[in-house]
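Topology and contacts: notes
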Amino acid sequence: MSTLSIVAGIISLAVTAVAVYLAVVGIRQMLRIIRAGQPAVGRTDQPAKRIGTMLKETVLHTRMLQWTFVGVMHWFVFAGFIYLSTAVLSGYFQVWDPHFLLPIIGTWYPFIWLTDLLAWLTVIGIAALIYIRQKNHPRKLDRKSRFFGSTFWQAYFVELIILGEGLAGVFIRAAEYRLLQTEGSDHANFAHFPLTGWIGETLFGGLSGSGTETLIVLLALSKVLMAMVWLAVISRNISMGVAWHRFSAWFNIYFKREVDGGTALGGLVPLYLNGERLDMEKMEDLEEEDFEKLGVGKVEDFSWKGILDFTTCTECGRCQSQCPAWNTEKPLSPKLLMMGLREHAYAKVPLLEKDADTLTEDEKRELERPLIGDEDLFGVIDPDVLWSCTNCGACVQQCPVDIEHVDHIDNMRRYQVLVESNFPTELNNIFKGLERKGNPWGMNPKNRMDWAKDLDFEVKQVGADVESLDEVEWLFWVGCAGAFEDRAKKTTQAVAELLNIAGVDFAVLGDGETCTGDSARRAGNEIVFMQLAMENVEVFKETKVKKVVSTCAHCFNTLKNEYKEFGVELEVVHHTQLLNRLVREGKLQPVAPGAGEAEKTITYHDPCFLGRHNQVYEPPRELLGAIPGSTYAEMPRHSEKSFCCGAGGARMWMEETIGSRININRTEEAIATGADQIAVGCPFCRVMLSDGLTAKQADGEARVEVEVLDVAQMLLASVKREPSAEESEAIVSEAEAATAAAATGGGDEDKATEAEPDAAAEADPETLTDTADVGAAAEATETGEAEPEANADLDEPVSAGREEDVAVAAESNIAVDDEGKGHGAVEPPSEEEPEAEQSADDSEPAAAEAAEAEATPAPADEQEASETEETAESTEAEDTENVSDTLTTAESTAADDEPTPDPEPEAGDATDPEEESVPSKDDRPEIPATKENDPDESPAEEIFDDSPTADDDSDREEERGAITPVEEGAEPDPVAEDVAELSEENPSGSELSDSATQAAADEDDDKS
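Now for a description of the structure that goes with this document.

Thresholds, definitions, all that
Residues numbered from 1 in each chain as written. Predicted model: local features only at pLDDT ≥ 70, side-chain atom pairs only at ≥ 80, totals over all residues. Heavy atoms only, no water. Patch = residues over 30% accessible without salt bridge, like charges linked within 9 Å, V, L, I, M, F, W, Y side chains within 5 Å. Areas by Shrake-Rupley, 256 points an atom, 1.4 Å probe, with all protein chains shown as cover. Salt bridge = Lys/Arg side-chain N within 4 Å of Asp/Glu carboxyl O. Buried < 20%, exposed > 50% of the residue type's maximum accessible area, 1.4 Å probe, protein only. Pairing = 2+ DSSP bridges. Helix = DSSP H or I, 4+ residues; strand = E, 2+ residues; numbered from the N terminus. Axes fitted to C-alpha atoms, helices over the stretch in contact; angles between N-to-C directions. Contact = heavy atoms within 4.5 Å. Disulfide = S-S within 2.5 Å. Parallel < 35°, antiparallel > 145°, perpendicular 65-115°, else oblique. Left-handed = near helix turned anticlockwise from the far one by under 90°. Nonpolar A, V, L, I, M, F, W, Y, C, P; charged D, E, K, R; others polar. Core = buried A, V, L, I, M, F, W, Y, C linked by side-chain atoms within 4.5 Å. Right-handed = clockwise from strand over helix to strand, strands pointing away.

Moving on to a nonpolar patch on the surface. Taken together, Ile 51, Leu 55, Val 59 and Leu 60 make up a surface patch of nonpolar side chains, about 330 Å² in accessible area. For Ile 51, a relative accessible area of 40% gives the class partly exposed.

Pasting the structure below:
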């Protein structure tokens, strides 16, 4: 043993002792700080699964490989770090004996090959990472660098140590080769040193045996010294995440929120206090001191898992590079947020154990430092940082060590809202709207079914058409946006139409539905969220909800992931998932465009709460791919790396006053694809991207033909598309061939000819009926016939009483004159008259019309008096004769040889007065759908439960309820029936539907 070996051995042992001591002190301090956090619920269950997830994410680098090249290079360093641990262990023996080899495996071929490989991979990997850091250095890219704000001296220190250890490993292997070569050993060959032997030949080929021994001792000592210096430095800097994550990441991944390995997205972490989840009942019993602990108001209010998150942050900046707030010049960087919280935690928590009298001024200032506050308050986190978050989850998705950024941000928001009442003023409106009206717009809940008025089929409503959802397959969750926001209503209608076409049995809750509470919870108002969730869950239980389809990604996420806390398990799908399934099953058939129709380019924007939060990426794309006549163009940032629209995290209701607008940033990316249509799967995304597109079109930076549509609208347009000219011609040819075959195959040729009139044939003008009379007259004939007795003569009309005639006519919206005739002497109204007045004219007595055909309609009170008097003077015998005349006339009209044209019915002249609707744009909510509008004009402050208009609405409902229908089997009163018929008319004589009445009431609300 040489003197050098003795000296080197003593130095290595002394340095190791100091480093180990510092490491023990540092680790104990770190654990004390982490344990100062609050309990973290559900982080130690199912240990076997947790170990499996930990090994999968660490050994296989599954999350690191989201960035493929960087992930591979990091894996080289990771594997090299494990190898270097064994190399350092060998170094402790080689400083004493240069000829030392590990027992058994020291000359085992697989081990020595792996040793050579890992030594080189470590060098290659760390060299590549050093290059990447320099290439993306902030001195070149400023804020665009993901390393902006990182602590560079720490990164450089760690990188140089790893590079030095790797090179020392390569060179010591080469020196071992040369030493064996000088001794004439059989192991001195390239089979034992496949990747390092050549260095021993070229670089160390001139060294003697003793010189090689000295080189090995020095290299071994350098390995030990570098390792111990690294350990000592990080032990004195326990907040050095770039170094400590090599140890803490294993634990952080093991204790992650989702046992199955999923990210901490989807449902938000519930509100806990002292390790127990809070509900409304517990919250009511809270002491004042406990109430002040809601959410996170101080760094020690974070759970121990939260502080472990801060400790583990590697400052890699992946989260920062994907953050929509940071990319639009806002102060929020998830990385800098974690770094700031870490520095504060490691500075403040140790001071909590000290005597206040012994603290310095700087320590007292740190101890009293507010968690949320601007520079003037010396706050740890600026309020603009806290409220810039959109909850998009990009940071959580990208983090390779499973930090739960969104949970921490929203926990701090909860404290600001519930305890401090310190939040952006724009949120006042949505909180009021949610509390008072059950929706963030503050719209009247009674109008939740307005979207269905223009549909040509009935939408089943629970409580009105079905008793419970056991009777149908799906609950269609419309959502607040789908019920009240004009653009979202079109999506709701499209989905309802598609489900109807596909034969899917579904129902809606109508005004039994209220907001899921997503915006309230993401804004920090957990109490309002609980109230809304409990109300919905109660309805779900009463109506037996099992399967839900939703068009809103936020509702979808909340119902699927967060209502479990309230004891309800639902099968929730997004409408793109269900529609995609229906297309694959052939229940929906997209139609190819005509030959002359240009092909359209489509791009798709991934909603954050559908994609990253719930991993639904493929169904919308498959659905778009099933639409013929279109090509798909993917945006550069898509799927897991998709860029947010800017509406999540309650940002939909807040102004962007810092930096550029997130929705504009995303819209520019969509426009750059050259797409004609930008497809979305969420009403919030549609609002934001539509506003962004409008702004770009106004600036002349986007084609006016470009439009933003929901995937369902695109599918509906394809499903309802008319066949091409070639397809239509083929259908006609097939029909003609079938007709000819039927005529040739034994049918009466003359009759076949008679079935199709000659082109020159003209209808007898005397047999034509006025347009206004066709639909109603035909329906009156069809529904006015009484059920004949078994032995009755079918040629003879059945006579009925006057009262029954009036009731039948009223059901078909037809006025009956003294002779029992409907429309017989009514002149069609002039084109200048409104539709509502035309409807009223149809109900005028025919005799009065005949006397003065050109006169204007009489006032309602005169009409009522006239009709009442005429009804009282009529006799039962005359009524019977009148009904006979009416039926005979209608039957003779239907029996005419020439066909009568069937024109489109006039608006407001519906066949069934129960379903009559006067289309009006007034019943559509004039909601500000753009972010540019003044928040002070939000309708949430304009509509209150105690408003005068609300009282008027209730009065109108009472007046309608005062008209009692005649019980079945009772003798009808002609006068009462006429009065009931006229009670639905307004003073001007025009009939208003319930929807129009409600629209007028809503307009009064707005004016008040």
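Pairing between sheet strands relies on hydrogen bonds along the backbone, with the strands arranged either parallel or antiparallel. With parallel pairing, four strands are arranged side by side in an open sheet as 8-7-9-10. A single partner strand is all that each edge strand has here, and the edge strands are strand 8 (630-632) and strand 10 (707-710). Looking at each pair of strands side by side, their axes are set apart by 35 degrees on average, direction ignored. Relative to strand 9 (residues 677-680), strand 7 (residues 600-604) runs parallel, the two sharing three bridges. Bridging from a neighbouring strand, Tyr 604 pairs with Ala 679 of strand 9. Contacts from helix 26 (residues 618-625) reach strand 7, strand 8 and strand 9 within the one sheet, and its direction differs from that of strand 7 by about 175 degrees.

The next subject is the state of the cysteines. Counted by the stated rule, this structure contains zero disulfides. The cysteine Cys 323 is free of any disulfide, with Cys 392 supplying the nearest cysteine sulfur at 6.2 Å. This cysteine, Cys 685, is not joined by any disulfide, and Cys 645 carries the nearest cysteine sulfur, 3.8 Å off.

Viewed as axis vectors pointing N to C, helix 3 (residues 68-94) and helix 6 (residues 152-182) meet at an angle of 55 degrees, and their least axial separation amounts to 10 Å. Relative to helix 6, the element helix 3 lies oblique. For the crossing formed where helix 3 meets helix 6, the hand is left-handed. Of the residues in helix 6, those touching helix 3 at Val 77, Tyr 83, Leu 84, Val 88 and Gln 94 are Ile 162, Glu 165, Gly 166, Gly 169, Ile 172 and Glu 176. Taken together, the residues that form the contact of helix 3 with helix 6 break down as six nonpolar, three polar and two charged.

What follows deals with the pattern of salt bridges. Going through the model one piece at a time under the given rule, you end up with 46 salt bridges. Between Glu 300 and Lys 348 there is a salt bridge; the shortest N-O distance is 3.2 Å. In this pair, Glu 300 is assigned in the loop between helix 11 (288-291) and helix 12 (304-312) and Lys 348 in helix 14 (residues 334-352), connecting sequence segments 48 residues apart. Of the two residues examined, Glu 300 and Lys 348, each falls in the buried class.

What follows is about the nonpolar core. In this structure, Leu 341, Trp 451 and Phe 540 are the most contacted members of the largest nonpolar core, which totals 207 residues. With 12 residues, the top contributor of residues to this core is helix 8 (residues 209-236). Discounting residues that sit within four places of it in the chain, Phe 540 has contacts with Leu 475, Trp 477, Leu 509, Val 545, Leu 559, Tyr 563, Val 568 and Leu 570. Within the second largest apolar cluster, seven residues are counted, among which are Ala 264, Leu 268, Cys 319 and Cys 395.

Attention now moves to the pairing of strand 9. Where a strand is regular, its side chains alternate between the two sheet faces. Neither face of strand 9 is left uncovered, since the one carrying Gln 677 and Ala 679 and the one carrying Ile 678 and Val 680 both have all their residues buried. The pairing of strand 9 with strand 10 spans four bridges and is parallel. For Ile 678, the partnering residue across the bridge sits in strand 10 and is Val 708. A crossover connection joins strand 9 to the parallel strand 10 through helix 28 (residues 683-698); in handedness this β-α-β unit is right-handed.

Attention shifts here to the packing of helix 1 (residues 3-35) against helix 8. What describes two packed helices is the angle between their axes and the distance between those same axes. Look at helix 1 against helix 8: their axes get within 8 Å of each other, and the N-to-C directions meet at 15 degrees. On the basis of the axis angle, helix 1 is roughly parallel to helix 8. Note that helix 1 runs across helix 8; the crossing there is left-handed. Every residue of helix 8 that contacts helix 1 at Leu 4, Ser 5, Ala 8, Ile 11, Ser 12, Val 15, Thr 16, Ala 19, Val 20, Leu 22, Ala 23 and Gly 26 is listed here: Thr 214, Val 217, Leu 218, Leu 221, Val 224, Leu 225, Met 228, Leu 231, Ala 232, Ser 235 and Arg 236. Among the residues making up the contact of helix 1 with helix 8, the classes are represented as 16 nonpolar, six polar and one charged.

Of note, the phi angle at Gln 46 is positive, near 45 degrees, even though the residue is not glycine. As for its position among the elements, Gln 46 is in the loop between helix 1 and helix 2 (47-59).

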